[in-house]
Amino acid sequence: MSKTAILEVNSEKFELPMVTGSENEVAIDISKLRDLSGMITLDPGYKNSGSCTSEITFLDGELGILRYRGYSIEDLAEKGHFLEVSYLVIFGELPTASQLEQFEKDITRYTLVNEEMKSIIDGFPKTAHPMGVLSALTSALTAFNPRSVNVENEKEMYEAVCKTMAKFMVIATWTYRKSMGYPLNYYDNTKGYVENFMRLMFELPTEPYKQNPIVINALDKLFILHADHEQNCSTSTVRMVGSSHAGLFASISAGVSALWGPLHGGANQAVLEMLEEIHRTGGDADKYLAKAKDKNDPFRLMGFGHRVYKNFDPRAKIIKKAADEVLSTLGVNDPILAIAKKLEESALVDEYFVSRQLYPNVDFYSGIIYRALGIPTDMFTVMFAIGRLPGWIAQWKEMRENKEPIGRPRQIYTGHPLRDFVTSEKR
Ligand code: ACO
C-alpha cells in the first residue's frame, strides 16, 4: 500500500506521496508541493533533500554501509579489480570473463589522445594546479569529440564510456608530467589500466620502469573505494550539468572542478599539507587538535568528519588496513606518518570529536598511501578523480536514461523589495 504524508499549514492540509527505496529509505515526494500550496521547501546544502532515485550506490551513513549495485565495498575491494568494478558501477552487473576482456580491449582502442591536445597543455604554466589543468583538458576533449553521445543507442553509449575511461586516465597523468617538465608519453596497450597509470606518471625515456605489484594492488584498491559515492558534491554537479543535455566530457569537467575544493576531494591534499605544517612547526599534534576544537579558530582537522558518515567511513577502515600493509611492506619510515597516527589516536578518544561523530575519513588515509607511493601532494585530488570517473559516468548515464528534467532549484528571495532607480548624481 502506498503511503502518504500530510503537511498542515495554517489548518490547510496537503497530501504528499511517499517513496520507499529498496533498502527501506523513505522520502516525502514534494515535487507537486508548489502547485498544490504555492510553497517550496528550503534546505541549504541539501542535507535533507533527495535529488533523484538511483540504482547505483547504497550508502547508510549511520551504519557505515557502502555498496555498489548491491555488492558491499568490502567484498569488491577484496575480490574485484578496478575495471571490473567500473563496469559494474556503469552498466549495473559484474561483467562475465569475456565481457571484461572485451571491455579492457575496447578501452585500449581510445588510449591515443589527439596530439593537438599537447599544444593546449603547453599553454599552461608549469606551476598550474593539476586539477585546474585536468578540468580544462577534459573540457577541451569536447572540441575533439564534438558529437554528443546518443544515450539511447547502447553501442554509442558503450563506446563513449570506453573513450572517457581511456582518455581521462592519460590526460590526468599528463597534468603531472607537465608540472615536472617531463615529455608527455603514451599508454601501453599491452599493459593493465592501473599499471599504465604508474608508467604514464613515472616512466622516463632514459631508463626502464620497474613496476611494484604491491603499489599496483594498493592503487587498484584505492580506485575501487573511490568509484562512486552517490549524490556527493561533484557527482551532483555532473548530474546537474548533464541535465541541461551538456555532453559527457563537459559534465565531467565540471565534476573535476567541484571535486577540487578542500571540503570535498581536495581534502586529501589538505590533510598532507596540514600534517606537513604540524611537522614544520615542531610536531605538536595536540596543539592542532586544540585549534580544531576552538570555536574562535576557523581551523578544522582535515580528513576528519563527513557529511553522511556519522559512524566510521567504511572506506576508511579498508584503506587504513591497506595503508598499514603498504607502509610496512615498503618499509616507509616517515615523521609525517607518525604525526598522522598520533592525531588519529588522540581524536578518536577526544570528547569533542567523539560527541560530534567525527572520524577519520577516506581522505585521511588515502593521502598517507599516496605519499608513501611517491605521488606528489598536488596530484592527490587527481588520483581521487581517476577513481571517481566510473561513478560520474554511471550517474550521468542514469540521469539521461531516466530522462530527468533539467536541474533548477528555487530560492526564497531575501533582498530589497521593489525600489525606484535614482540617478547617480542624486545618490
Ligand atoms: N574539525 C573540527 N571540527 C569539525 C570538523 C573537523 N574536521 N568537521 C566538523 N566539525 C564540527 C563543526 O565545527 C560542527 O561543530 P558544532 O556542532 O559545534 O558547530 C560539527 O562538527 C558539525 O559540522 P558540520 O560542518 O555541520 O558538518 P558537515 O556535515 O556540514 O560537514 C565536512 C562535513 C565538510 C566533511 C566537515 O566535517 C569538514 O569540513 N571536514 C574536514 C574536511 C574533510 O576532511 N573533507 C573530506 C570529506 S570526505 C570526501 O569528500 C571524500
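Only a predicted model underlies this, so the values are computations on that prediction, with no experimental measurement involved.

1. With respect to the overall build of the protein
Tallying secondary structure elements over the protein gives 18 helices and six strands in all. The C-alpha atoms of the protein give 23 Å as radius of gyration, which agrees with the globular expectation for 427 residues (22 Å, within 12%). Along the first, second and third principal axes, the C-alpha atoms of the protein reach 75 × 65 × 55 Å. Burial status across the protein gives 47% buried among its 427 residues. Here the contacts in the protein between residues at least 6 apart in sequence split such that 70% fall between residues at least 24 apart.

2. A look at the UniProt feature "active site" (unreviewed entry) in the protein
In the UniProt entry, the feature "active site" (unreviewed entry) is given for H306 and D363. For this annotated set, covering 58 residues, all C-alpha atoms fall within 10.3 Å of each other, a compact arrangement in space. Among the structural elements, H306 can be located in the loop between helix 13 (285-293) and helix 14 (314-330). When sequence neighbours within four positions are dropped, the list of residues in contact with H306 reads H229, D313, R315 and N361. A distance of 3.0 Å separates a polar side-chain atom of H306 from the backbone nitrogen of V308. Structurally, D363 can be placed in helix 17 (residues 362-372). Setting aside residues up to four positions removed in sequence, D363 forms contacts with H264, G265, A267, N268, V271 and F384.

3. Structural notes on the pairing of strand 4 (residues 57-60)
Neither face of strand 4 is open: one carries T57 and L59, the other F58 and D60, and all of them are buried. Across four bridges, strand 4 lies against strand 5 (residues 65-68) in antiparallel orientation. Looking at strand 5, one finds that D60 is bridged to I65. In sequence, strand 4 turns back onto strand 5 through a hairpin of four residues, with G64 there showing a positive phi of about 70°.

4. Looking at the nonpolar core
Core analysis: the biggest nonpolar cluster contains 120 residues, and L219, L301 and I375 have the highest contact counts within it. When residues of this core are assigned to their parent elements, the largest contribution, 14 residues, is made by helix 7 (residues 154-180). When residues no more than four places from it in sequence are discounted, the contact partners of L301 are M274, Y288, L289, A292, L343, A347 and F353.

5. Examining the side chain of D106
Mapped onto the elements, D106 comes out in helix 4 (residues 97-108). Within the structure, the side chain of D106 is placed 2.6 Å from the side chain of Y158, a separation counted as a polar contact. The residues contacting D106, other than those within four sequence positions of it, are Y158 and C162.

6. Looking at the sheet that holds strand 1 (residues 4-9)
Pairing in this open sheet of three strands is antiparallel, and the strands run 1-2-3 from one edge to the other. Either end of the sheet is taken by a strand with one partner, and the two such strands are strand 1 and strand 3 (26-28). Each neighbouring strand pair of the sheet contributes to a mean axis angle of 30°, computed without reference to strand direction. Bridge count between strand 1 and strand 2 (residues 12-20): six bridges; the pairing is antiparallel. Among the inter-strand pairings, V9 is bridged to a residue of strand 2, identified as E12.

About the cut-offs
- Residues numbered from 1 in each chain as written.
- Predicted model: local features only at pLDDT ≥ 70, side-chain atom pairs only at ≥ 80, totals over all residues.
- Heavy atoms only, no water.
- Helix = DSSP H or I, 4+ residues; strand = E, 2+ residues; numbered from the N terminus.
- Rg over C-alpha atoms; globule rule 2.2 N^0.38 Å.
- Buried < 20%, exposed > 50% of the residue type's maximum accessible area, 1.4 Å probe, protein only.
- Contact = heavy atoms within 4.5 Å.
- UniProt positions renumbered as here; feature names shortened; annotations may be inferred.
- Polar contact = N/O pair within 3.5 Å; in protein donor to acceptor, adjacent residues only side chain to side chain.
- Pairing = 2+ DSSP bridges.
- Core = buried A, V, L, I, M, F, W, Y, C linked by side-chain atoms within 4.5 Å.
- Axes fitted to C-alpha atoms, helices over the stretch in contact; angles between N-to-C directions.

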